[in-house]
Each structure stands twice: as structure tokens, then as C-alpha cells.
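# Survey of secondary and tertiary structure
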Amino acid sequence: MDMEEASGVDGRWGTDVVVAGGCQALIKSRSFFFSIKAQTLSSSNQRLEIAEMAASSSLFSTSFQGVISFQNTNLCYKEFNCKYSNFIRKQSGHSNSKYLTHSRLFPNERSSEFGQNEKFSQKNGFLCRALKIENLPSFSVGNKFQLTDVIEAQQFDRDLLSAIFEVARDMEKVEKNLPGSQILKGYLMATLFYEPSTRTRLSFESAMRRLGGEVLTTENAREFSSAAKGETLEDTIRTVEGYSDIIVMRHFESGAAKRAAATAGIPVINAGDGPGQHPTQALLDVYTIEREIGKLDGIKVALVGDLANGRTVRSLAYLLARYKDVKIYFVSPDVVKMKDDIKDYLTSRKIEWEESADLMEVASKCDVVYQTRIQRERFGERIDLYEEARGKYIVDSRVLEVMQKHAVVMHPLPRLDEITVDVDGDPRAAYFRQAKNGLYIRMALLKLLLVGW
């Protein structure tokens, strides 16, 4: 019988293995995952029966999540809780190949004390080829956090986001149980802000103190630090890391956070780098959407306002691309449209997006209307372009009237006149709850980066 063609699985050819069942599978665990393709059996029912046997609780030692596909049938999604140690490996006659057998699957097979099969029957097993083998992160308590710095939204996958959100929910409990935790007692956080900030800087400082840590802060490093004397960013980072255990930095140049992380020997958190990214804002935004809407798959999100210069919407778009069946609407004046790199990224991830000039129509369809201000500081001397863009899209009571009852209005703040104050009293106005969630996300990140899971 011919081998099934593997489809939809990325990765390099790796070790040949034999498993029970003629199936193509993608198996993930906290310790490793591999994808396989196998010879098919004549009966779909027989293939399913064997695959289900393989997924029984006696075959693997850790919890697996897998996708099993069969020829001419639909996908079967299963969660495996099995004992991998019960499998017996045997080197085959050809190089870089292994057979995996198990007494329950292959009752006629006998094993030596070294775990090697005395006999292998092609009738009872199927030669498969592993497409990809790699380590996967463990989120168990006491393990090290997977990231050394938080620089951009692309660092986070779905599993990591879910795990961070779990820690954030724990941080909500910590914050409510005054006088607070001592998890970070003895740790010092330095905040280097070269641009103005209220919510980001204060929420980070509050987060650190609520976990028992201390703060070294400079509110306007561009004007009041040695940067005003011409000191390079790299020299500043090398100096500050000698005084602290973690650096939270906001800078006016896109890419500055990467430079800082490359220089520092301690964790660096990007609190916004010019028009580049704002990953912690995106984390709290996605956390808020999940809390408010109750799901992240299958949602429609309108990104409104300054999409060319808004680092928050750029980072948010990257994270939304991690979820299934998401559609993003871009609503902005022509001078501040979303840049092509984000559109190209979404397209590459098969995320549906659409540009629109009609806020009312888009708002009526969406679960989230994410409004942003037109950023005057990004226009330089082109005040005419700023005035052209400002005030074109405003969320007011008329927009609320067409929005769905479960939908929410979000904003990274500060706002000017792009959301009218009469919206504040509507329960769908989520932006102050959103700001509060920033505390929990940042508490979680500080805890994870400094002491781990």
C-alpha cells in the first residue's frame, strides 16, 4: 500500500516511526510533538478504531492534544492522556528509523528487557515518517518563562497567550487581597520613558509594587536623562541594568526596544517604540476582548482612527491573527491608513480583512469597535494633514445605536474627541475596564519574566 500524502503540515522530514493505526496525525504535548503519515487500512472504521485505541490512557505519559485525519473522512479532534513510556522503541534495519509498538496494540509482539522488539510484523504496525519534532513549552508552576524579553506581539502564540491570561486572572485575586503579594520582594524595576505616558508607566509601577517589588523611575528620559547630553541608548541600557533587575522602556524610535534587548543582560519590556509596536497593550486588549465578548475565535473587530501611526493597532492585529475565523475592518482617513506590512501579514495568516470608509455600517457588524486617536505628534510640521484626519470618525450615541448589544467599544487611551463623553455611561464602553486589565497583564508579565511560572 502506498503512503498517504501529508497535507497541511509544516516541517522538515525527521525520524521514521511506527505507530498504531493507518492515519495521519499531528500530536502535541507539553514536552514534544510530531506529525506522522502512515499506510492506510482498507476500512475507515478499522482505522478509527485503532487510532482511538492508540489514544487510550495507557500509551503516553503526558497530556497530548492531537488531530487525526483519515482518507476520505472528516478530521477527528481528540485529546490524549497516555503513557509514552509504555511504548517500546526498536531501531530498524535502515538508518534514522524507529518502530513504536505496544503490547495492547501488538499482542503478538514480545520485548526484551532492553525494550527492543524481538520481532516486528508489518501486519501489526505501519511505517510512518515524522515530519517535525521540536520542544514545546511547559507552563507548569516552577518552570522558566519562555521569553527573556517582551519586544513584539509576534513572540506570542495561542498557547502562550492562554497561559499568560491564566496568570493574569490569578493577579486579579492578588490585587484584591491587600496588602498584596511578596512574590517580587527584593527585585527592582527601572522604567525608562522617553515619551509621555500615564496608564502604561503607572500600571507597570503599580504592578511591581503590588507584587512586593521596588521601582526606579524616570518620567521623561528624553529631556531629563543623559540622553539630553547625547548619551547613546546602548550606554544608557548598560548603565541602568547595573541598578535593576528588569527594564520597562518607551521610546520615540521604532526598533529601539530591540536594540535595548540586544544590549541588556536583564529582561526588557517594550512599553511602546514610536510608531512600531506596543505588545503589552495588545496583550491587555486581547485579554479584555476575551473577558468582554467571551471568545476570541470567530469575532469581528473594527480598528478605527490612526492606523498608520498607531502602534497599539499594529500589535493587536498581530495577536488577532492567532485566532480562527477572525475578520478585521480598517476604518481610517486616507492619510493614516493601515500600512501594507500588516495587511500582508494578515493575508499570509489567512485572516480576512477589509478597508471601509463607513463607520456606521462596520460598527453594526462588529463585536469590537477599537477606536484610536489621531496622533498629532507623528505628523511633524504637517499640521494640515493632522487637521484633515482629525474628527472624521467619532464614536458617539449614533454609533452605539447601530452596535449589537453584546459588542463593546475599546480605546487604548488617552482620548481627545474621538469618543464622546456620553458614551461613557453605556455598559458597552469597555475602555476604562480595559485600562484596569492592563494592571493584571503587567503583573503577570513581571512575575513571569522575573520568577517564571
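Above: the structure in question.
Below or above, wherever it landed, is the structure these notes cover.

Conventions adopted
- Counting restarts for each chain: residues are numbered from 1 in the order of the written sequence.
- Thresholds applied to this predicted model are a pLDDT of at least 70 for local features of residues and 80 or more for the giving and counting of side-chain atom pairs; totals over whole chains, interfaces and linings are not thresholded and use all residues.
- Only hydrogens and water are set aside when side-chain values are computed; all heavy atoms of the structure are taken into account.
- Secondary structure elements follow DSSP: runs of H or I of four or more residues count as helices, runs of E of two or more count as strands, with numbering from the N terminus.
- Each residue's exposure class comes from its accessible area (1.4 Å probe, protein chains only) as a fraction of the maximum for that residue type: buried when under 20%, exposed when over 50%, partly exposed otherwise.
- A fitted line through C-alpha atoms serves as each axis, taken over the contacting stretch for helices, and the angle formed by two N-to-C directions is quoted from 0 to 180°.
- We call two directions roughly parallel when the angle between them is under 35 degrees, roughly antiparallel when it is over 145, roughly perpendicular when it lies between 65 and 115, and oblique otherwise.
- Note on convention: near helix rotated counterclockwise from far helix by under a right angle means a left-handed crossing. Clockwise means right-handed.
- Residue contacts are counted whenever heavy atoms from the two residues lie within 4.5 Å of one another.
- Residue classes follow a fixed rule: Ala, Val, Leu, Ile, Met, Phe, Trp, Tyr, Cys and Pro count as nonpolar, while Asp, Glu, Lys and Arg count as charged, and any other residue, Gly among them, counts as polar.
- Any Phe, Tyr or Trp ring, taking Trp's six-membered ring, that has another such ring centre within 6.5 Å forms a pair; planes under 30 degrees apart are called stacked, those over 60 apart edge-to-face, and the others tilted.

It is generally the case that most residues other than glycine have a negative phi and that most peptide bonds are trans. The residue after L413, namely P414, is reached through a cis peptide bond having omega 5°. Summarising the element assignment, P414 is placed in the loop between strand 18 (408–410) and helix 13 (431–451). In this structure, D325 is a non-glycine residue whose phi angle is positive, near 55°. Tracing the chain through its elements places D325 in the loop between helix 8 (311–320) and strand 15 (327–331). On the accessibility criterion, D325 (69% relative accessible area) is exposed. The phi dihedral of L413 is positive, around 60°, even though this residue is not glycine. Tracing the chain through its elements places L413 in the loop between strand 18 and helix 13.

Turning to the packing of helix 3 (residues 199–210) against helix 13, a few remarks are in order. It is at 8 Å that the axes of helix 3 and helix 13 come closest, and there the two elements cross at 55°. Between helix 3 and helix 13, the interaxial angle falls into the category oblique. You can see that helix 3 and helix 13 cross each other, and the crossing is right-handed. Mapping the contact onto sequence places R199, T200, S203, F204, S206, A207, M208 and R210 in helix 3 and A435, L439, R442, M443, L446 and L450 in helix 13. For the contact of helix 3 with helix 13, the residue count by class is 8 nonpolar, 3 polar and 3 charged.

A full pass over the atoms with the stated rule returns 7 aromatic pairs. Arranged with centres 4.7 Å apart and planes meeting at 70°, the rings of Y318 and Y345 form a pair that is edge-to-face. Placement of the pair is Y318 in helix 8 and Y345 in helix 9 (residues 340–348), with a sequence separation of 27 residues. For the pair Y318 and Y345, a shared accessibility class is recorded, and that class is buried.

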